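Notes for the structure review
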Amino acid sequence: MLRSAIFAFGLVTMPSWLAAQGIPSFSDQSQSAGLVFQHDPADDHLAGTMDGGATVGDFNADGWPDLFVIGGGTADRLFINQGNGTFQEQGQAWGVARQHRGTGVIAGDYNGDGWQDLFVTSFGPIGTPPRDGQHLLYRNSGQGTFQEVAVAAGVNFTSALPDGFSPVFGDYDQDGDLDLFVCAWFVQSAGNTLFRNNGDGTFSDVTDQAGLDVYPMLGFTPRFVDVDGDRYPELLVAADFGSTRYFRNLRNGTFQEDRNFLSGDLAYNGMGSAIADFDGDQKLDWFVSAVYELPAPGYPNGNRLYRQIGAHRFESLPAASGVHDGGWAWGCSALDFDHDGWQDLAVTNGWLLDAQWLQEPSYLFHNQQGNGFQEIALLCGFEHRGQGRGLYPLDYDRDGDLDVVITGYKEPVKLLRNDLHGTSIHWLQIQLDTSSRSNLAPNGLGSKVEITAGGRKQTAWIDGGPTYLGRGQLSAHFGLGAADRLQEFKVEWADGFQTVLRDLPADQFLHVAAPQPFQVEDLHQGQSSEFRLQGLNPWEFAFFLFSLNGAGEGPEKPLLGHRHLGLEEPIQVLGGASAGPNGVAVLNLAVPVNAPLVTLSLQAVVPRGQNGDQSVLSPILHRPILP
C-alpha cells in the first residue's frame, strides 16, 4: 500500500543504473494484439474468487507461443499466435471452448507424440451444481483440434469433493514420459494428487504409493525440479496457511517430506512459485508469493525468497531482500526483463474481499546483482491494477525479450509488451528437442542449461515453468548484457549426458536436439568394432556391459547411486574407456572369429557423484553378432 502512495505523488525517479543501461519499458498491447477476453467466473463455489488461470504453449508447433485462457464460467479461449504480433481466437475450432468452472491449466506433451496437450482443473460444467471428477485432459491431434480424454486417461478425478487448482507436468520417475501432480486447496477434499504416467495414454493415482503425506496441505502451486543434482526432481508445493511442503525424491518412485529444508520463516500464505538462481551461485533458489500485512500476530508477513545453501537446505532471506511486500500476491515468475544477466521477479496480486487490495498494482522487482531487489514496476510502464491472479512470461513477438500476460478475476486479459531498448541488452533463447530419445521427457523437461558469456556463468532449469494456475513459455531465456558472444553453452539432459557448444553468437533462438549418446558399430566375427559414448565430462571413465538375456530391470548397484541396470542378469563387462577432453569415451573391441551368432544387449555406465548419486546409464542397444 505504501508503494502505491509513493508513486501516486511522484516521489520516485529513474535510478541512475537504469538510465545508464537503457530503459526497460512495457506497453499494453492487449487490444492491438487481439488478446481480448474478459474473465467471467461462476460465483457458486468457494474457489471462484481465486480463479483466473492460463498457460502458454506452442499448440500448432510453428515456433510462436500461443495462449489458452480459462473463462471460469464463460467459454475458455485459445489464442493462436499469427506470427505478426497478433493472436486469433480459435477455441471453438480447436474444440476447447467449454463453459465450465475452470481454475488451473498446464500444457505438456503427455503422450510423447510431439504435440502439446492441455490438462485443466475444473469444478464442473455450467448449468449443473459444482461436483467432483470434472477435470479435463485435451489431447492434441496435431491437426488443429483437441480431443477431451480425461476419463479414459484416468485423471478426471482427484477428490471426493469439487477441488483443484494448479497442476504441473514432470518426469518424477525418470522413465521419459510426463507424470502429473494436481494441487487441491480444501483440506476436507484431501485432493492433492500424484498421477504416474503409464506410458500408454493413461495415468494411475500413486499418491499413497509414492509416500506423499499431503494431508493437511492447502495446495496452490506445485513444481517438479531437481534440487540436489541427482536428476530426479523434487516436488515443491507452495501452499496456504503454513502448509507449504518440500518432498525429496528418493529415486525409487517414492518421496520423503523434508521438514528441515528451511532455516528461517516460511511464507504463511504460500500461493505462487518461481525458481531461478537469483544470487548467481549456480544453485536453484525458490520464491513463494504470499499475503503481506496479514492481520495475524506471530505469523510472517508477505512473500519469501528461499536461498539454497546446500543440498536440500535453504535459508529464508530477510525483509531487506526487498521482495516481502507484494500485496495480496498470487501469480509470480522469474524473468530477466532488462537482459542484465540477473533473474528478476514479477508478481501480481489483489483480493476482492478486502478494500486495501482492490487496486494494488502488480510488482516488478529488479535484481540488484544478487544484493537484494528494487521495486520499479511503474517506472517501466509495468502497469496493472486490480485483481491479478496469473502472471505468465512469453516472447509473443519473438524479438528476444520476455513479455508478460496477466490474468485476473473478473478482468480482461492484459498483455504487457517488453519494449526493451538501449545498450547492453544481448540475449539468448533455447528450445530443447528430445523427440528422438524415448528415455527423455518431451521438450527437455528435467534438463539443466548452463551458459558462460562475458566471463560469467548463468544457469536455468527446464521444469515446465509452472506458477499459480498456469505456466509461461517453455524455454530457457538468458540476458547477456554487453556480451555479444557465448564462450560456452551446455545442456545437461535429464539422463546426465551433456551437449556442449562453444563460441556462439548472441541474439538468437537456439534449437538444441538431444543426440544419441551411445553408438556401437556392427559386430562381425573376426573384426574390430567401435563402442562410442559421448556427452561425458572430460576424463570420466565408462564401463561397457552386455547381457545375452535382453533388457529389463536389472540389479541395483550401490556404486551407481542404487540405480538399477537396464540389463537382465547375468551381466558381463566388455571393457572400459576414459573420455577425452571432448567428453567422448571410445572402446575398440575385437570380436572373436568363433563368437556365437547371438544378439547382445548393451549398456554403458559412468559412475559419478558422491556415493554414485549422479551416475549415468546409457539407453540399451541391441546388436547381433554377424558372420
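Residues numbered from 1 in each chain as written. Predicted model: local features only at pLDDT ≥ 70, side-chain atom pairs only at ≥ 80, totals over all residues. Heavy atoms only, no water.

A short note on the overall build of the protein chain
When helices and strands are counted, the protein chain shows four helices and 49 strands. By the compact-globule yardstick of 25 Å for 627 residues, the protein chain fits well, its C-alpha radius of gyration being 25 Å. Each of the three principal axes of the protein chain carries a C-alpha extent, and together these read 90 × 60 × 50 Å. Across the 627 residues of the protein chain, 59% fall into the buried class. For the protein chain, restricting intrachain contacts to residue pairs at least 6 apart in sequence, the fraction spanning at least 24 positions comes to 60%. Accessible area for the protein chain stands at about 22600 Å²; split by element, carbon and sulfur atoms hold 50% of it. (Helix = DSSP H or I, 4+ residues; strand = E, 2+ residues; numbered from the N terminus. Rg over C-alpha atoms; globule rule 2.2 N^0.38 Å. Buried < 20%, exposed > 50% of the residue type's maximum accessible area, 1.4 Å probe, protein only. Contact = heavy atoms within 4.5 Å. Areas by Shrake-Rupley, 256 points an atom, 1.4 Å probe, with all protein chains shown as cover.)

Details of the pairing of strand E36 (residues 485–492)
Pairing analysis gives five bridges linking strand E31 (residues 448–453) to E36, with the strands arranged antiparallel. Within E36, the residue paired with Ile 451 across the bridge is Phe 489. The turn linking E36 back onto strand E37 (residues 498–505) is made up of five residues, and Gly 496 within it adopts a positive phi angle of 100°. (Pairing = 2+ DSSP bridges.)

So, a nonpolar patch on the surface
Judged by side-chain polarity, Leu 352, Leu 353 and Leu 358 come together as a nonpolar surface patch covering roughly 270 Å² of accessible area. Within the secondary structure, Leu 353 is located in the loop between strand E24 (344–349) and strand E25 (363–367). (Patch = residues over 30% accessible without salt bridge, like charges linked within 9 Å, V, L, I, M, F, W, Y side chains within 5 Å. Salt bridge = Lys/Arg side-chain N within 4 Å of Asp/Glu carboxyl O.)

Remarks on the environment of Arg 98
Relative to the assigned elements, Arg 98 resides in the loop between helix H3 (91–94) and strand E6 (100–108). Taking the relative accessible area as the measure of exposure, Arg 98 reaches 34% and is therefore partly exposed. For Arg 98 and Met 271, which are 173 residues apart along the polypeptide, the C-alpha to C-alpha distance reads 26 Å. With residues near it in sequence (within four places) discarded, Arg 98 still touches Thr 74, Ala 75, Asp 76, Leu 136, Tyr 138 and Glu 148. Polar contacts involving the side chain of Arg 98 include one to the side chain of Tyr 138, which spans 3.1 Å. (Polar contact = N/O pair within 3.5 Å; in protein donor to acceptor, adjacent residues only side chain to side chain.)

Concerning the pattern of salt bridges
Within this structure, the stated rule accounts for 24 salt bridges. Asp 175 is the salt-bridge partner of Arg 196, the closest N and O atoms lying 3.5 Å from each other. Residue Arg 196 is located in strand E12 (residues 193–197), and its partner Asp 175 is located in the loop between strand E10 (167–170) and strand E11 (179–182); the two are separated by 21 residues in the primary sequence. For Arg 196, a relative accessible area of 30% puts it in the partly exposed group. With its nearest N and O atoms 3.1 Å apart, the salt bridge here joins Glu 315 to Arg 307. For Arg 307, a relative accessible area of 29% puts it in the partly exposed group. Shared partners join several salt bridges into a network, and the residues in it are Asp 213, Arg 245, Glu 257 and Arg 259.

Observations concerning the pairing of E6
Burial runs high along E6: nine of the nine residues are buried. One ladder, built from six bridges, connects E6 with strand E7 (residues 117–125); its direction is antiparallel. Paired with His 100 across the two strands is Pro 125, which belongs to E7.

Some thoughts on the domain arrangement of the protein chain
In terms of domains, the protein chain is made up of domain 1 (25–419) and domain 2 (518–624). Taken together, the contact pairs six residues of domain 1 with six residues of domain 2. Interface area, domain 1 with domain 2, both sides summed: about 440 Å², of which 28% is carbon and sulfur. By the criterion of area lost to domain 2, the three top residues of domain 1 are Asp 230, Arg 231 and Arg 251, representing 75% of everything that side buries. (Domains from an automatic or database assignment. Buried area = accessible area lost by both parts, 1.4 Å probe.)

Here's the deal with the environment of Val 214
For Val 214, the position within the fold is in the loop between strand E13 (203–205) and strand E14 (218–225). Its relative accessible area of 11% is what places Val 214 among the buried residues. Separated by 22 residues in sequence, Val 214 and Asn 192 place their C-alpha atoms 6.4 Å apart. Apart from residues lying up to four places away in sequence, Val 214 is in contact with Phe 181, Asn 192, Thr 207 and Phe 247.

Observations concerning the packing of aromatic side chains
One pass over the structure, following the stated rule, counts 31 aromatic pairs. Taking the centre distance of 5.8 Å and the plane angle of 35° together, the rings of Tyr 110 and Phe 203 count as tilted. Taken together, the residues span a long stretch of sequence, with Tyr 110 in the loop between E6 and E7 and Phe 203 in strand E13 at a distance of 93 residues. You can call Tyr 110 buried: its relative accessible area is 4%. Linked through ring pairs, Phe 123, Phe 165, Trp 185, Phe 186, Phe 220, Trp 328, Trp 330, Trp 351 and Tyr 468 together constitute an aromatic cluster. Sitting over the face of the ring of Trp 64, Arg 398 holds its NZ or CZ atom 5.5 Å from the ring centroid. Cation over ring: Arg 398 sits above Phe 509, and NZ or CZ is 3.9 Å from the ring centre. (Phe/Tyr/Trp six-rings, centres within 6.5 Å; stacked < 30°, edge-to-face > 60°. Lys NZ or Arg CZ within 6 Å of the ring centre and 35° of its normal.)

A word on the sheet that holds strand E41 (residues 528–533)
Strand order in the open sheet made by the three strands is E39-E41-E46, with antiparallel pairing throughout. Across the chains shown, the open sheet's two edge strands, defined by having one partner strand only, are strand E39 (518–520) and strand E46 (585–590). For this sheet, the mean angle separating the axes of adjacent strands, direction not counted, is 15°. Two elements, E41 and E46, share six bridges in a ladder whose sense is antiparallel. Directly across from Glu 530, in E46, lies its bridge partner Asn 588. (Axes fitted to C-alpha atoms, helices over the stretch in contact; angles between N-to-C directions.)

Brief notes about the environment of Ile 430
Along the chain, the position of Ile 430 falls in strand E30 (residues 426–433). With 44 residues separating them along the chain, Ile 430 and Leu 474 place their C-alpha atoms 9.2 Å apart. Residues in contact with Ile 430, not counting those within four places in the same chain, are Val 449, Ser 475, Ala 476, Phe 478, Phe 489, Leu 510 and Val 512.

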